[in-house]
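# Chain and residue survey
Here is how the chains run, residue by residue.
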Amino acid sequence: MKNLSENKKVTELGYNNKRIDISIDPLTRLHVFRIAQFLRDLLKALNEDTQNWEKIIDRAIYHALNLRPIKKKFKLTLYELGLVSFWISLIEAGISKFSLPRLILIARKNLRKRIMCKRILNVLSFLRHIKYSYNVEGEVMYYVKSALREIFNHPYIKNKLNQPELIKRYRMEILDEIDKIISELYETMNLSGFSRRVIAACCLYIADKIVCNKLDIKPLLSARIIAQVLGINQFTILRKYRIFKNALGMKD
């Protein structure tokens, strides 16, 4: 980072060419440096090339600067704030390569940082409640996009979708359909009591049937395949699917 004076602003931090204009003082500048270094050390401990993660790190710093008001409220350490911001950035980017418990474990054991799991979860719960970059729809789409990446590499699916144009159309159609399903479910029922993974699984299961009908092909996604990818029980999908199907007013 460039050496900025107290009266200058941070403009070199950004995401997808979006600039961040935040007045910065020497202490904030130090915090930005420490969070960025912590995240790079965390990624190195995960055997990742940090150069490939600079956009995510920039985005995490953006969130960390915006989340400074709640740091005192939840008595967060600087590194807990950095980890929360990094996790939100992963959610936004649809990256499911790491689990939150693993990130916390590496930060504590490998990097020896003072990270409290309970405080992290309390902050994320708070952010989810106020819909700050972390809501039901956003979480569900995160799991959907993560699942689809694995699904498209599944041997059975690759065999069925063996035409590039068909793959492209299916991908576009199913994401559009899931977006509609989530919006409709959000309006017609209370989703707060359901696991986000289960909601994502059922949305995939329903959307696949709708999209495959449009494309005039047999449904591709079985409850078993979706369950394997999302790490849940296939019978849970089949049970909850009926609840969501009825809420959407779908017929068999």
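Residues numbered from 1 in each chain as written. Predicted model: local features only at pLDDT ≥ 70, side-chain atom pairs only at ≥ 80, totals over all residues. Heavy atoms only, no water.

Turning next to the overall build of the protein chain. Each helix and strand counted, the protein chain has twelve helices and four strands in total. Considering the protein chain as a whole, with its 252 residues, one finds that 46% of them fall into the buried category. Contacts in the protein chain between residues far apart in sequence, at least 24 positions, make up 69% of those at least 6 positions apart. Taken as a whole, the protein chain presents about 14,100 Å² of accessible surface, with 48% of it coming from carbon and sulfur. (Helix = DSSP H or I, 4+ residues; strand = E, 2+ residues; numbered from the N terminus. Buried < 20%, exposed > 50% of the residue type's maximum accessible area, 1.4 Å probe, protein only. Contact = heavy atoms within 4.5 Å. Areas by Shrake-Rupley, 256 points an atom, 1.4 Å probe, with all protein chains shown as cover.)

All right, on to a nonpolar patch on the surface then. A cluster of nonpolar side chains, namely L27, L30 and F33, defines an oily patch on the protein surface of about 310 Å² accessible area. Its place among the elements puts L27 in helix α1 (residues 26-45). (Patch = residues over 30% accessible without salt bridge, like charges linked within 9 Å, V, L, I, M, F, W, Y side chains within 5 Å. Salt bridge = Lys/Arg side-chain N within 4 Å of Asp/Glu carboxyl O.)

All chains considered together, the criterion is met by seven aromatic pairs. A centroid spacing of 5.1 Å and a plane angle of 55° characterise the contact between F194 and F244, whose relative ring orientation is tilted. Pair noted here: F194 is in the loop between α9 (164-188) and α10 (196-214) and F244 is in helix α12 (residues 234-247), with a separation of 50 residues, a long-range link. Take F194: its relative accessible area is 17%, and that puts it in the buried class. One aromatic cluster is present, built from ring pairs that chain together W53, F86 and F98. Geometry around F74 places K73 over its ring, the cationic atom sitting 5.7 Å from the centre. Directly above the ring of Y79 sits K113, whose terminal nitrogen or CZ lies 4.3 Å from the centroid. (Phe/Tyr/Trp six-rings, centres within 6.5 Å; stacked < 30°, edge-to-face > 60°. Lys NZ or Arg CZ within 6 Å of the ring centre and 35° of its normal.)

A few words on the pattern of salt bridges. All chains considered together, the criterion is met by six salt bridges. Among the ionic pairs, E173 bridges to K214, the shortest N-O distance being 3.7 Å. Placement of the pair is E173 in helix α9 and K214 in helix α10, with a sequence separation of 41 residues. Among the ionic pairs, E177 bridges to K214, the shortest N-O distance being 3.2 Å. Taken together, the residues span a long stretch of sequence, with E177 in helix α9 and K214 in helix α10 at a distance of 37 residues. Relative accessible area serves as the criterion here: at 43%, K214 is assigned to the partly exposed category.

Now for the packing of α10 against helix α11 (residues 223-230). Contact geometry for α10 and α11: axes closest at 10 Å, N-to-C directions at 145°. You can see that α10 and α11 cross each other, and the crossing is right-handed. Taking contact as the criterion, the partners of R197, A200, A201, L204 and Y205 in α10 are, on α11, A223, I226 and L230. Split by residue class, the contact of α10 with α11 holds seven nonpolar, no polar and one charged. (Axes fitted to C-alpha atoms, helices over the stretch in contact; angles between N-to-C directions. Left-handed = near helix turned anticlockwise from the far one by under 90°. Nonpolar A, V, L, I, M, F, W, Y, C, P; charged D, E, K, R; others polar.)

It is worth spelling out α10 at this point. Compared with the 27 Å implied by 1.5 Å per residue over 19 residues, the 27 Å span of α10 between its first and last C-alpha is a close match. Two or three places before R197, at the start of α10, stands the capping residue S195, its side-chain oxygen 3.2 Å from that residue's backbone nitrogen. Looking one or two places after α10, you find D216, whose phi comes out positive at around 60°. (Expected span 1.5 Å × (residues − 1). Polar contact = N/O pair within 3.5 Å; in protein donor to acceptor, adjacent residues only side chain to side chain.)

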